[in-house]
Amino acid sequence: MKEVQKLFPSMDGNDFQREEILSYFRTILTKIDELKDPNKLTLGEMPEYTEDYYNRVIQKADVPKTGVSMEEVIQKLLKLVEGHRYVNRNYVANAAPLPNIASVIGNLVMVLVNGNNLWDVEGPAAATAEIEVTSMLSKLIGYDENISAGYTTWGGQGAVFNSLRLAIARYAPSSNRNGVPQNLYCFCSELSHYSLYKSVEATGIGVENMIRVKVNADHSMNLEDLKEKMEHVIAKGGVPLYVLATMGTTDTFGVDDIEGIKRIAEDLEGTHYIYPIYIHADSAMGGMYTFFNNYDFESNPLQFEDNVNEVLKSYQQKFKHIKLADSMVFDFHKLGQTPYITSLFLIKNKELLKYVDIDAAETPYVGNRGYGSYHTGYTLECSRMGSALSIYASLLAFGIEGYQELLANYIHVNIAFREKLIKEVSNVVITNEVSPITTFRFYPEKTKWNEELNGLLTIEEMTEINQFNDEFAEIIGVERDTVFFGNTKKQRLVKVTNSNKRISVYAHKFFAISPYTTIEEVDRYVGFLKEHLEFFLRTRSSKNILIRS
Ligand SMILES: *Cc1c(COP(=O)(O)O)cnc(C)c1O
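Residues numbered from 1 in each chain as written. Predicted model: local features only at pLDDT ≥ 70, side-chain atom pairs only at ≥ 80, totals over all residues. Heavy atoms only, no water.

### Overview of the sheet that holds strand β10 (residues 343-347)
Spatially, the 7 strands line up as an open sheet ordered β4-β10-β9-β8-β7-β5-β6, and their pairing is mixed. Here the strands that pair on one side only, and so sit at the sheet edges, are β4 (149-153) and β6 (210-213). On average, each strand axis in the sheet is tilted by 20° relative to the strand beside it, whichever way the strands run. Pairing analysis gives 5 bridges linking strand β5 (residues 184-189) to strand β7 (residues 239-246), with the strands arranged parallel. Across the sheet, residue F187 finds its bridge partner in β7, namely V243. Packed on one face of the sheet, helix α10 (residues 223-235) meets β5, β6 and β7 and runs near 155° to β6. The sheet strands contacting helix α11 (residues 258-272) are β7 and β8 (278-282), and the helix crosses β8 at an angle near 170°. (Pairing = 2+ DSSP bridges. Helix = DSSP H or I, 4+ residues; strand = E, 2+ residues; numbered from the N terminus. Axes fitted to C-alpha atoms, helices over the stretch in contact; angles between N-to-C directions. Contact = heavy atoms within 4.5 Å.)

Written out as structure tokens, the structure is:
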């Protein structure tokens, strides 16, 4: 037993055992640092991902009969890290965070005391942190912190699921017993995240009852189409239950007009005497921009450039209305730069939780004692990690202004990237508005973006250009160790001349997410694209000649 005890932190806080743990931490930090290379995306060399790679892993795996030394454990872990993508200046693909130091420490504290966020008696640190960040962020977005509630959950997707569950339970309180009514409908933009798709599947509402609404040129939901589709549902005896307002689409950062959505919902409620329609702001991507809700653009205390200011000001106009939503989410593990998973689901009115809270009789071993007053019986998780501690630490370390600088830099870099790309490459178009993301599309010869947007091309022509971009994505993907760009196969849908079906537009993605992605780096990003594009065009045309001859 003495040997097994050695595998644990000390009971009395003695120096010797602390030094031992510290030495392990030091080794890990040092070894990972040794693998870092600012000119590469990966930590050390990538393993050979041959076709049988995972198969070999499966064959080799066995629990050792006797435990190995801690040195060997560390060595094995570091082996796994080799070739890992590391979010540095070469990573411009997706919203992947480089966890900031405060959040790493918050996470460490969470693990060391290992509270269970289910119940304050079992996890007082996380409980208080959760209540505190819920209040901090409620105040920031304009929810009344005395009425709101919040808890950390399984991602932005979890927030969508939780919000749909609240919407169903509010509309049909007996559904917990009798099942979900059959005539409920949900609405979302056709560019919204697939979270709602999964949630209507899992709640039993069914995908057929999820109505996709068209988008405007700026990738926000088209409100006329929303209204029409809601009225159609009402006319057929259905219940418009829920609208997902995307605040920052995953690929293009389109921001829905939540004020307009709320107005339409209220109009319909008034005209048709229907039950209030639940609105969830899916702000997994964009929610951090609420940090500018009170920024004074006139005095501009952080001295952002005019063109950056302009974008942030337009966000302020949109994000200040997020308080109209019944719930929203902060995905700190996206633009907030904290470890997975750090998502805070915020609910405007905590009254709603009574519909989903579990009956006291069903929870015999936690909550409802003379001690402890915070028991999250309404979450879908039972045991919960205390990830509010990471969020809390980040909010303290950055403050509002720290986050404003980080978030403004994403915009600053994107503006510079756009300008440079257009200047250096002739056959490219930028296909979304200025945001932390730039989507762009190449053409074999001259650009045809206007024709595409106006539905003047055939399916075949569109497919050829998509193919061109797809092949190019493969080519630069091979060299992702130098710069890792993202791409998407559904940037938007456009009409074509020879079909009723709309066709997806493929695009490449530049996502300025690392704090090390600064404007000094922009020339290198564009240079990489230009060089590979020229190579691609050359090899492509020589291939074509070969085929023809
Ligand atoms: C990323 C994203 C999600 C999913 O969030 P996870 O934290 O990955 O679960 C949902 N909605 C939008 C708009 C997103 O960008």
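### Section: the site of the ligand
The immediate surroundings of the ligand are formed by 13 residues, with G156, D282, D331, H333 and K334 found nearest. One of the backbone nitrogen or oxygen atoms of G156 is found 2.8 Å away from an oxygen atom of the ligand. Tallied by class, the residues present in the shell around the ligand amount to 2 nonpolar, 8 polar and 3 charged. (Near = heavy atom within 4 Å. Polar contact = N/O pair within 3.5 Å; in protein donor to acceptor, adjacent residues only side chain to side chain. Nonpolar A, V, L, I, M, F, W, Y, C, P; charged D, E, K, R; others polar.)

### Looking at the packing of aromatic side chains
Summed over the entire model, instances satisfying the criterion amount to 34 aromatic pairs. Between F292 and Y295, the ring centres sit 5.9 Å apart and the planes meet at 75°, which makes this aromatic pair edge-to-face. When the centroid spacing of 6.3 Å and the interplanar angle of 40° are considered together, the rings of F417 and F485 count as tilted. Of this pair, F417 sits in helix α13 (residues 388-424) while F485 sits in strand β13 (residues 484-488), and the two are 68 residues apart along the sequence. Residue classification places F417 among the buried residues on the basis of a relative accessible area of 0%. For F485, a relative accessible area of 6% corresponds to the buried category. Through a chain of ring-to-ring contacts, the aromatic side chains of F417, F440, F442, F468, F472, F485, F510, Y525, F528 and F536 assemble into a single cluster. (Phe/Tyr/Trp six-rings, centres within 6.5 Å; stacked < 30°, edge-to-face > 60°. Buried < 20%, exposed > 50% of the residue type's maximum accessible area, 1.4 Å probe, protein only.)

### A short note on the domain arrangement of the chain
Interfaces are frequently sized by the accessible area removed from exposure as the parts join. According to the domain assignment, the chain consists of domain 1 (2-86) and domain 2 (411-548). Here the C-alpha centre of domain 2 lies 39 Å away from the C-alpha centre of domain 1. At the junction of the two partners, domain 1 supplies 5 residues and domain 2 supplies 4 residues. When the two sides are added together, the surface that domain 1 and domain 2 hide from each other amounts to roughly 440 Å², 52% of it contributed by carbon and sulfur. (Domains from an automatic or database assignment. Buried area = accessible area lost by both parts, 1.4 Å probe.)

### With respect to the UniProt feature "modified residue: N6-(pyridoxal phosphate)lysine" (unreviewed entry) in the chain
The feature "modified residue: N6-(pyridoxal phosphate)lysine" (unreviewed entry), as annotated in UniProt, sits at K334 in this numbering. Assignment of secondary structure puts K334 in the loop between β9 (327-331) and β10. Overall, K334 belongs to the buried group, its relative accessible area being 17%. Contacts of K334, omitting those with residues within four sequence positions, involve A95, P97, A284, M285 and I513. (UniProt positions renumbered as here; feature names shortened; annotations may be inferred.)

### So, the environment of I279
Looking at the secondary structure, you find I279 in strand β8. You can call I279 buried: its relative accessible area is 0%. Beyond its immediate stretch of four places on either side in the chain, I279 contacts V243, A245, I258, I261, K262, A265, A325, D326 and S327.

### Observations regarding the nonpolar core
Counting residues in hydrophobic clusters, the biggest one holds 72 residues, and the most contacted among them are Y289 and F330. It is α13 that contributes the most residues to this core, 11 residues altogether. In contact with F330, not counting residues within four places along its chain, are L137, I141, G287, M288, T290, F291, T342, S343, L344 and L346. Residues L166, C188, M210 and A284 belong to the second largest nonpolar core, which totals 31 residues. (Core = buried A, V, L, I, M, F, W, Y, C linked by side-chain atoms within 4.5 Å.)

### A look at the sheet that holds β13
Whether parallel or antiparallel, the strands of a sheet pair through hydrogen bonds between backbone atoms. Strand order in the open sheet formed by 5 strands is β3-β13-β16-β12-β11, with mixed pairing between adjacent strands. A single partner strand is all that each edge strand has here, and the edge strands are β3 (91-92) and β11 (428-430). Relative to strand β12 (residues 437-442), helix α15 (residues 459-478) is tilted by about 115°, and along the sheet it contacts β12, β13 and β16 (507-511).

### Some thoughts on a nonpolar patch on the surface
The grouping of L22, F25, I101, I105, L108, V109, L112 and V113 at the surface amounts to a nonpolar patch, some 730 Å² of accessible area in total. Elements with a minimum of two residues in the nonpolar patch: α2 (15-35) and α5 (101-113). When residues of the nonpolar patch are assigned to their parent elements, the largest contribution, 6 residues, is made by α5. Using a relative accessible area of 39% as the deciding quantity, one classes V109 as partly exposed. (Patch = residues over 30% accessible without salt bridge, like charges linked within 9 Å, V, L, I, M, F, W, Y side chains within 5 Å. Areas by Shrake-Rupley, 256 points an atom, 1.4 Å probe, with all protein chains shown as cover. Salt bridge = Lys/Arg side-chain N within 4 Å of Asp/Glu carboxyl O.)

### Looking at the pairing of strand β15 (residues 499-504)
For strand β14 (residues 493-496) and β15, the ladder comprises 3 bridges, and the chain directions are antiparallel. In the sheet register, L493 faces β15, and the bridge partner there is S504. Counting the residues that bridge the hairpin from β14 to β15 gives 2 residues.

### As for the pattern of salt bridges
Pairing between side chains of opposite charge can happen when the charged atoms of each approach one another. Per the stated rule, a full pass over the model turns up 25 salt bridges. Residue K334 pairs with D331 through a salt bridge whose shortest N-O separation is 3.8 Å. Given the relative accessible area of 3%, D331 is considered buried. Close ionic contact of K420 with E424 constitutes a salt bridge, the shortest N to O distance being 3.5 Å. Taken together, the positions of K420 and E424, both in helix α13 and 4 residues apart, correspond to about one turn of that helix.

### Thoughts on the layout of surface pockets
Counted as a void, the largest pocket has a volume near 1,400 Å³. Looking at the largest pocket, it is lined by 30 residues, and the ones nearest its centre are L29, I32, Y86, P99 and V104. For the lining of the largest pocket, the secondary-structure elements that each account for two or more residues are α2, β2 (84-85), α5 and α13. A per-element tally of the lining of the largest pocket places α5 first, with 6 residues. For the lining of the largest pocket, a count of residues per class yields 22 nonpolar, 5 polar and 3 charged. (1 Å grid on protein atoms, 1.4 Å probe; cavity = no way out; pocket = protein on both sides within 12 Å on 5 of 7 lines; lining within 4 Å. Points joined across faces, edges and corners; volume = space filled by probe spheres on them.)

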